[in-house]
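Residues per chain are reported as follows:
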Amino acid sequence: MTQINLPFQVNQIVEVKSFIKGYRGAWFRCKILDMTNENGELRYKFKYLDFPDEPLDNALVFETPKGGTESQLMLRPTYPPHYHESEYVNLEGDVEPLVVVHDSWKVGDLVDWLRDEIYWSGEIVAMKGRRSCQIELLPKPEGEGEVYLGLCKNLRPRLDWSVEDGWKVPCSVDGQKSAKIVTSKNEDEGIADECETEKEQTKNATKQVEGNEGLRLNIMESESIEAAVLDIEELIVRLDWLKGKLKPDVGEGAKPYWKYEDYRPSSSGR
């Protein structure tokens, strides 16, 4: 089975998702107090930072919503800093990983809406002037499925997070993105409004492979056993390098606390 290292530590501040009725699809700020593996089930004990009077909770790391079919990762790192484009251009120097969103929200944008110190995942379904909009929460069983009127200032772009890929901006139904992830101003290429189709992704990946001379195999020059052995050795080196690149960065000197012996999907908001 595939091993997954979860880069979470005791005392770390995280966001935790709920599937409890009345709070389905909502994200809470929490602090991890303990982590256990009980009968093959990973659990974490945490306290709610914005609700100090609530009792400590002991929840599963992976959970399937009632009536759902797929298990989901129920926690993720704290949400990265986010700015509108007009604010971002005035930032000085290089930047830590952050989220940049269009200056104007629009119908179809996937968002998290702050209400009562909780972020609720949904989609903008109508604009009500420049400062307000209607947000439809995620449909049941992953969300509450209701429509609310909210202030635009209380919105942030909805993001997905996974151990393998980190933070990603999901695409709306019409293939649009409302934000981008920026890791360096020097590499910033602007917000990509449209998502690549599966066909375009495959085409671009093929171009990258074709343009990488390092992938040229010895067997292409010679059909000898020695050439095949050299190719295998080179591929092993490449795989070791890729494993190092894909290993989650949990800080200097830190090691992933958890190791899970199964594949699980990301903590997607959809």
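Residues numbered from 1 in each chain as written. Predicted model: local features only at pLDDT ≥ 70, side-chain atom pairs only at ≥ 80, totals over all residues. Heavy atoms only, no water.

## Some points on the overall build of the chain
Heads up, the rule is: Secondary structure counts use DSSP, requiring at least four H or I residues in a row for a helix and at least two E residues in a row for a strand, with both numbered from the N terminus. Partly exposed residues are those whose accessible area sits between 20% and 50% of the maximum for their type, while under 20% is buried and over 50% is exposed, using a 1.4 Å probe and protein chains only. In what follows, a contact means two residues having at least one pair of non-hydrogen atoms within 4.5 Å.
Helix and strand content of the chain: three helices and 19 strands. Looking at the chain as a whole, 34% of its 270 residues qualify as buried. Within the chain, contacts between residues at least 6 apart in sequence are counted, and of these 52% link residues at least 24 apart.

## Describing the side chain of aspartate 112
Condition: Under the rule applied, a polar contact is a pair of N or O atoms within 3.5 Å (in protein, one hydrogen donor and one hydrogen acceptor; residues adjacent in sequence only if both atoms are side-chain atoms).
Mapped onto the elements, aspartate 112 comes out in strand E11 (residues 110-115). Looking at aspartate 112, the relative accessible area reads 0%, which means it is buried. Within the structure, aspartate 112 has its side chain in polar contact with the side chain of serine 121 (distance 2.8 Å). Here aspartate 112 is in contact with Arg76, Tyr79, Tyr119, Trp120, Ser121, Asn154, Leu155, Arg156, Pro157 and Arg158, once residues within four sequence places are set aside.

## A short note on the confidence of the model for the chain
Test applied: Every residue is assigned a pLDDT by the predictor, reflecting its confidence on a scale from 0 to 100.
On average, the chain scores 78 in pLDDT, and the residues at 70 or more come to 70%. Note on residues 196-213: pLDDT is under 50 here. Beyond four places in sequence and across chains, it has four contacts.

## Notes on the sheet that holds strand E10 (residues 98-101)
Heads up, the rule is: By the convention used here, strands pair only if DSSP detects at least 2 bridges between them. Working convention: axes come from line fits to C-alpha atoms, limited for helices to the stretch in contact. Angles between N-to-C directions cover 0 to 180 degrees.
Taken together, the three strands give an open sheet; going across it, the order is E9-E10-E18, and neighbouring strands pair in mixed fashion. Edge positions in the sheet fall to strand E9 (82-84) and strand E18 (179-182), since each of these pairs with one other strand and no more. Neighbour-to-neighbour, the strand axes of this sheet turn through a mean angle of 25°, independent of strand direction. Bridging between E10 and E18 involves four bridges; their strand directions are antiparallel. Counterpart to valine 101 in the pairing with E18 is alanine 179.

## Observations regarding the nonpolar core
Nonpolar side chains tend toward joint burial in soluble globular proteins. We apply this condition: Here the nonpolar core consists of buried residues drawn from Ala, Val, Leu, Ile, Met, Phe, Trp, Tyr and Cys, with membership extended through side-chain atoms lying within 4.5 Å.
Counting residues in hydrophobic clusters, the biggest one holds 40 residues, and the most contacted among them are Phe8, Tyr44, Val61, Leu75 and Leu155. Elements with a contribution of two residues or more to this core: strand E2 (13-18), strand E3 (26-38), strand E4 (41-48), E10, E11, strand E12 (118-128) and strand E13 (132-137). Residue contributions to this core peak at five residues, all from E3.

## So, the state of the cysteines
What counts, and what does not: Disulfide: a pair of cysteine sulfur atoms within 2.5 Å of each other.
With the rule as written, the count across this model stands at zero disulfides. Cysteine 133 forms no disulfide, and the closest cysteine sulfur to it belongs to cysteine 152, at a distance of 4.2 Å. On the accessibility criterion, cysteine 133 (0% relative accessible area) is buried.

## With respect to the pattern of salt bridges
Basically, it comes down to this: Here, a salt bridge means any side-chain nitrogen of Lys or Arg that lies within 4 Å of a carboxyl oxygen of Asp or Glu.
Across all of its chains, the model carries nine salt bridges by this definition. In this structure, glutamate 15 engages arginine 76 in a salt bridge whose closest nitrogen and oxygen atoms are separated by 3.0 Å. Residue glutamate 15 is found in strand E2, and its partner arginine 76 is found in strand E8 (residues 75-77); the two are separated by 61 residues along the sequence. According to the relative accessible area criterion, arginine 76 is buried, its value standing at 0%. Note that arginine 156 and glutamate 15 form a salt bridge whose closest N and O atoms lie 3.1 Å from each other. Residue arginine 156 is located in strand E15 (residues 155-157), and its partner glutamate 15 is located in strand E2; the two are separated by 141 residues in the primary sequence. The pair formed by arginine 156 and glutamate 15 is uniform in burial state, with each residue classed as buried. Each of Glu15, Arg76, Asp112 and Arg156 takes part in one network of salt bridges that share partners.

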